[in-house]
Structure formats: structure tokens, C-alpha cells
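# Structural overview for review
In case you want the letters, here they are:
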Amino acid sequence: MATTTPPAAPAGSATDVPSIDRDTRLALYRQLVRLRRFEERAYRLFQEGLVKGTSHLSLGMEAIAAGVAEALREGDYTFATYRGHAHTLARGVPMEGVMAELLGRANGVCGGKGGSMHLTSVEHGVMGSYAIIGAHLPIATGAAWSSQLRGTEQVTACFFGDGATNIGAFHEALNFAAIWDLPVVFVCENNLWMEYTAIADVTAVEHPAADRAASYGLERIIVDGNDPDAVHLEARRAVDKARTGGGPSLIEALTYRHGGHSRADPGDYRPKEEVEAWLARDPVPMYRQRLLDQGVAADDLDAIETQAQEAVDAATQAARNGPVPDIDSAFTDVWADGGSSWRN
Amino acid sequence: MAELITYREAVSRAIAQEMRRDESVVFLGEDVAAAGGVFKATKGLLDEFGGVRVRDTPISEEAILGAAMGAAMTGMRPIAEIMFSDFLATCWDIVAVEIAKTRYMTAGQTNLPLVIRTANGGGLRFGAQHSQAVENWAMMIPGLKVVAPSNPADLIGLFAAAVRSDDPVMFFEQKSLYPTKGEIPAGEIVDELGTAKVVRKGDDVTVVALASMVPRAVDAAERLQSEHGISAEVIDVRSLVPLDTRTILSSVSRTSRLATVEENPRLCGWGAEVVSIAGEECFWDLDAPLTRITTPHIPLPSSDSLEDEVLPSVQRIVETVAKMTG
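Residues numbered from 1 in each chain as written. Chains lettered and ligands numbered in written order. Predicted model: local features only at pLDDT ≥ 70, side-chain atom pairs only at ≥ 80, totals over all residues. Heavy atoms only, no water.

### Comments concerning the overall build of chain B
Secondary structure assignment for chain B yields 11 helices and 14 strands. For 326 residues, the compact-globule estimate of 2.2 N^0.38 gives 20 Å, and chain B sits close to it at 19 Å. Here chain B holds 326 residues, and 64% of them are scored as buried. Across chain B, the fraction of contacts at a sequence separation of at least 24, relative to all contacts at a separation of at least 6, is 80%. Working note: accessible area of chain B is about 11,500 Å², and carbon and sulfur atoms make up 53% of it. Counting 30 positive and 45 negative side-chain charges, chain B places the averaged centre of each group 2 Å from the other. (Helix = DSSP H or I, 4+ residues; strand = E, 2+ residues; numbered from the N terminus. Rg over C-alpha atoms; globule rule 2.2 N^0.38 Å. Buried < 20%, exposed > 50% of the residue type's maximum accessible area, 1.4 Å probe, protein only. Contact = heavy atoms within 4.5 Å. Areas by Shrake-Rupley, 256 points an atom, 1.4 Å probe, with all protein chains shown as cover. Lys, Arg positive; Asp, Glu negative; His and termini not counted. Charge placed at Lys NZ, Arg CZ, Asp CG, Glu CD.)

Set out below in C-alpha cells:
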């Protein structure tokens, strides 16, 4: 079985990159902590049986959603996967609506009809979370085509896992985006494991996304996905390129999920030393330390953490108190007229 | 003033009518622009509307329909062509799992005004992989509207309604009908989805047909009248979803007999749903068993003599319906 050690901190690491200002760094930290606290709470609510079905957490991978979202602006589109809590929250979708959706309540962002795997908030540019591997890459391509046609300078960011790189839709979408110069940034979150199988064991190249980029005339981009600064800088470059007519980018961000693939998976198929090595590179404490080293006061960081905890508590309360969906809502929104009728 | 045009010409007329009217309508597919389509049904559109709005794509059906979906969610009204309906199998995830469900899963946050048009059905000796009648694939998925016109005027009118609909519409063009001709009225043509049409009036039996089976059912009705003295009413279903059960059931209640004529293989064809509804809702009006005339449950063979034998023929319709009324 292939094992992959964590990437060494890139030479001249982002620690002292002057192009990320202090406010942005604090925003990144705020986002990281919010996502972390949310996912921890989501896990606890599964254990309590309040979240039914399945769920896929981004614990350990939060720096990617945070770093990319910080590079986007209002009106931009994002497309996420079934592992999409973090990406949804990072675009500014209120935490209450996301938590309530996990609990299947009427005050959820999709009224309880989407669930953990289908979080969507069109008003925030969150165009959906898609649960069929790879399917949303062509759809994100379509959103980018639309903004090109309408001349709006909107950028589309599309997140997906390493496993998606071996499905046809990935390749169809990359080629399509490249030939039409579409303003889309594809972000592969390579956490080294698909579900129970290491991506390296079933892929012809070492870097499942980046090593395929050349096939579509794209730059080979690999970034430390546990470093919010590095992710943010790379995302900013790709987003700027897309916005100014430079076409698509494909970013491979190396990261690791702290837990299993989904709720029922303890993730114990992964080598212990690999897990430990990555846990030692947990993006949240690492980034806190970086900010402390840069002279940010511990009190300021503590305040961010307290706020995040309070926000998660409030969201949990709102979700727990949320009404269950009215049974009539099962029969709405099949069609544009709001109903579900198929005959007269 | 009425004009006689082919079903093939009706396709480009329909697309042009909607593209002239609405800037947000765009058209993409394999070989649709420069080549004018493999069936030459989209000739002239590139010249009139240019390469931004009429676009050739790679052979990437998932990308074509994904692009249409993403564009529809963000303010456009795309028309996507899947060259042969058989190829829908290569992108069925986008159709059945993404496009059909997204409005529902997002509690109505997303709008999906798109049309997927495709050449469907047999009769051209193309063999089992280019001849399937697959409208029932789409019919069984909640969230898709399903249309299959039988003549040029209906094609233009229903296509216009499909483009103007905020719901995704699967638009099945029967490829053996492309050279057939029909009259169209002057001016803009806009029809209504979910409406069946009585194309021949009759009193003894209701024959419900779709697409290429409609002209066969009408021919059969003429022969039933002249050879057997049976008066058959023929209904062109036109739209499977929504389904105009009112028109069908009111006819069946009056004639007391129902036969469907379906190009699809036997199991789970659209007619199975129609007869099941009639069985539940018109049972006490019936004087004969509900009857389905379909292709047998086999892949379609290529040889002309075999294909002609297995597709519902005028002769088979006449014989089957005559027995029902005997």
C-alpha cells in the first residue's frame, strides 16, 4: 500500500509572504476556527442521533475552503461535493441554516430536502453540493460558460476530491473549460484516500490532478492544502486569471482528513504513522502559531475562538429548536410552478 | 398562410424562432454548428446566430449536459443536443440525478430552464445502439418533462413551449420522421406542454400513439374503418410528462376500448402507465381488455426485414384492434 508523508513546508513558506495583509490573515483564521468548531459539533450531533443518514466532514481540510473562499468575491459561484459543509459556510452562508439542514429541519437552507450532502444557497453563490463523484465539474463549467456569455466577470470555483480525477466527467470538464477559456478554478482536495482505498494505489500518476493538467494545456499546480496562506495565494492567482479572461486553472491541494470518509467510517485502514504525521500538521493550531509568531496577540486569537464557539452554540440551538418540515413540503418544488403534478 | 415543411426543417425553424426572440437562448452539441447536425436538422443556425450562441462541442455528453445545466442555473436558456438518444446513457447521471433533482433538493432555489433535444427511435436500419425509443427512461424520473412530437407544426409549437418553460424538458425527435412533411401556420407558433390531441375522431375504440406511431395509427384507423367497419379515435399523446389524462380518459370512457401503440420494447413502456391509469379510473366503462401494441421485448435488429417485423406496423395495429372489437 502506498503511503504518502505530509509535504515538507515549501521553501520560503508563506509565513512571511507580504502580500497577505493582517486583516486577511485574521479573516482566514476566523474562518478556519468556525469551520473546525462546526464540524466538531456536527460530529457530536451524529453521535447523539440528531443528524440522520450520512455525513462527510472536512476536519483537517478546512484550510482549502477557507483559503479559496477568501479569494472570491460576492457574485462568484462555488460548487462543492457531499463533503461540503465547510465550503458552504466559507461563502458566508449563515451557520444556523446549515446546521438546521443537517438536522432535517424546516429552517435548513434547503428546508430539510437536501441534507448534509446537498447544501445550497444560491443567494450566496453556493450553487450546490453534489453527491455523485465528478458530476459537478461539468456543471461548474456551465456556470462559468454562462458568466462568459453574459460578460459578468464572475468566477466559478469547483471543489472535488482526489477520487474524482479518475472519472470521465473530470476529463470532459477540464477539456471543455480549456477549449472555451472558461473562468473556472478547479480545486482538487487530495486527501490521499478516496473512500477506503489510497488514491496512489489506483492512479497512473503520482499527483492525480496536477499530473493531468498538461493534458489540457494547464499549469501543474500543487499546493500545501494545510497552509491557508499558501492555498489563498494560489487561489488568488487562479481567480484573478479567470476573472481577466485567462481561462481555467487546476489546483491540487494536498491535505488529509482527520476522520474517516463518512460518519460510519473510523478510517482505521490508514497507517498509524501516516495519520500521526498529518495530525501533527493540523492547519488550525499551525496557523494560530504562525499568527502568534507574527505578533498577533493571543487575546485576539482567543476572542476569535470564543466567537466561533458561541456561533456554533447558537446555530445548534436554532437547529434543535427548528420546526420539522411540513409534510406538504415533500410535494413542492418538483416543478417551476412550485408543485409536483404530472397529469391533469 | 400555411406552408408545407419537413419535420427536419421544423427543428431549425423552432430553434431559430426562440433564439430570435430571446438572447439568453443558446445552442450546443456535437456537429450542430458548422455541419448543421448529422441529420442536417440544424442547418443555417450558425450563419444566423454566430459561433457564440451556436456552438460545436467535443464528444463529451456529460460536459454538454453539465454545461447546459450550469448555464441554466445561472440565467441562460440552453438547448443541448444529444445526437442519438441512445447516447443519453453516457450522461444519464447529469439528466436523471442532477438536472431532474436539483430544484427539489434545493427547495426551489434553482431554476433549470433547459431543453435536451435528441434523435430517438428506429426505422432507419441503424441497429440496436442507434435506434432505441427511450422516452420512457425520462418519463420515470420525477423532475423531467417529456415531449415527443409527431409532425412539423407540433414540433415547432411544443419546442417553443419547452424553451419557454422554466423546467427541464427532454425533447424526443423521432428520426424516421425527419423527411416527413406537414403544414405549419404562418407566424410564431407556440403550443402548450401537457396537451394531447385527438387527431382522428372515432367511436368504437381509442388508439393512443406517440411520435412515429401516430401516422401508423392513423393509417390503421382508416383501414379499420374501410375493412372492418370499426371507428377508431386516434390520440397523439405528444407530451408524456405532463400527461394529458383528461383527453385520453374522456375518449376511453366514450369508446369503452383502449389500445396504445408504442415504439419502445414491451416492459415499462409509456403505454403501461396509460393503461394502468385507464384501468383504475375507467374500469367500469370498459368493454374490452386494455391492450398494448409495442415492439417485443428485444433490442432492435438492424436488417430492414427484421426491423419492419418487430416495430408496430399498420397491419399489426389493424389486426390487434380488430380483435378487441370483435
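### Considering the pairing of strand β10 (residues 205-209) of chain B
All names here are of chain B. Extensive coverage of β10 is indicated by the burial of 5 of its 5 residues. Residues V205, V207 and A209 point to one face of β10 and T206 and V208 to the other, with burial holding for every one of them. Bridge count between β10 and strand β11 (residues 232-236): 5 bridges; the pairing is parallel. For T206, the partnering residue across the bridge sits in β11 and is E233. Here β10 runs beside strand β13 (residues 258-265); their pairing, made up of 4 bridges, is parallel. (Pairing = 2+ DSSP bridges.)

### With respect to the interface of chain A and chain B
Contact residues are listed per partner, giving 41 residues for chain A and 49 residues for chain B. Approximately 3,700 Å² of surface area, both sides summed, lies buried where chain A meets chain B, with 65% of it carried by carbon and sulfur atoms. The largest per-residue losses of area from chain A upon contact with chain B belong to A:W145, A:W335 and A:N344, which jointly make up 17% of the total buried on that side. In this structure, A:R343 engages B:E281 in a salt bridge whose closest nitrogen and oxygen atoms are separated by 2.7 Å. At the junction of chain A with chain B, the criterion picks out 20 residue pairs in polar contact (both at pLDDT 80 or more). Where the side of chain A that touches chain B is concerned, the elements lending two or more residues are β1 (77-81), β2 (126-130), α5 (136-150) and α6 (168-179) of chain A. Top element by residues in the side of chain A that touches chain B is α5(A). It accounts for 9 residues. Its residues assigned to classes, the side of chain A that touches chain B comprises 23 nonpolar, 13 polar and 5 charged. (Buried area = accessible area lost by both parts, 1.4 Å probe. Salt bridge = Lys/Arg side-chain N within 4 Å of Asp/Glu carboxyl O. Polar contact = N/O pair within 3.5 Å; in protein donor to acceptor, adjacent residues only side chain to side chain. Nonpolar A, V, L, I, M, F, W, Y, C, P; charged D, E, K, R; others polar.)

### Re the nonpolar core
As a rule of thumb, soluble globular proteins bury nonpolar side chains together. Counting residues in hydrophobic clusters, the biggest one holds 123 residues, and the most contacted among them are A:F79, A:F186, B:L65 and B:L88. For this core, the element with the highest residue contribution is helix α3 (residues 61-73) of chain B, accounting for 9 residues. Mapping this core onto the domain boundaries places at least three of its residues in each of domain 1 (3-184) and domain 2 (197-324) of chain B. Not counting residues up to four positions away in its chain, the partners in contact with B:L88 are B:L65, B:I82, B:V95, B:I116, B:T118, B:V134, B:W137, B:M170 and B:F172. (Core = buried A, V, L, I, M, F, W, Y, C linked by side-chain atoms within 4.5 Å. Domains from an automatic or database assignment.)

### Details of helix α9 (residues 283-293) of chain A
For an α-helix the count is 3.6 residues per turn, leaving residues at separations of three or four pointing the same way. Residues and elements named next belong to chain A. Taken as a whole, α9 has its buried residues at P283, V284, Y287, R288, R290 and L291. For α9, the angular spread of buried residues about the axis comes to 160 degrees, placing them on one side. Those residues of α9 hidden inside the fold are in contact with α1 (22-47), α2 (62-69), α7 (228-243) and α10 (298-321). Near the N-terminus of α9, the side chain that reaches the backbone nitrogen of V284, with its oxygen 3.0 Å away, is that of D282. Trailing α9 by a residue or two, G295 shows a phi angle of about 95 degrees, which is positive. (Arc of directions from axis to C-beta.)

### Examining the pattern of salt bridges
Think of it this way: side chains of opposite charge can pair up when their charged atoms draw near. Residues and elements named next belong to chain A. Throughout the structure, instances matching the rule amount to 42 salt bridges over all chains. Between R36 and E62 there is a salt bridge, and its shortest N-O distance comes to 2.5 Å. In this pair, R36 sits in helix α1 while E62 sits in helix α2, placing the two residues 26 residues apart along the sequence. Summarising the burial analysis for this pair, R36 and E62 share the class buried. With a shortest N-O distance of 2.8 Å, R243 and D76 are connected by a salt bridge.

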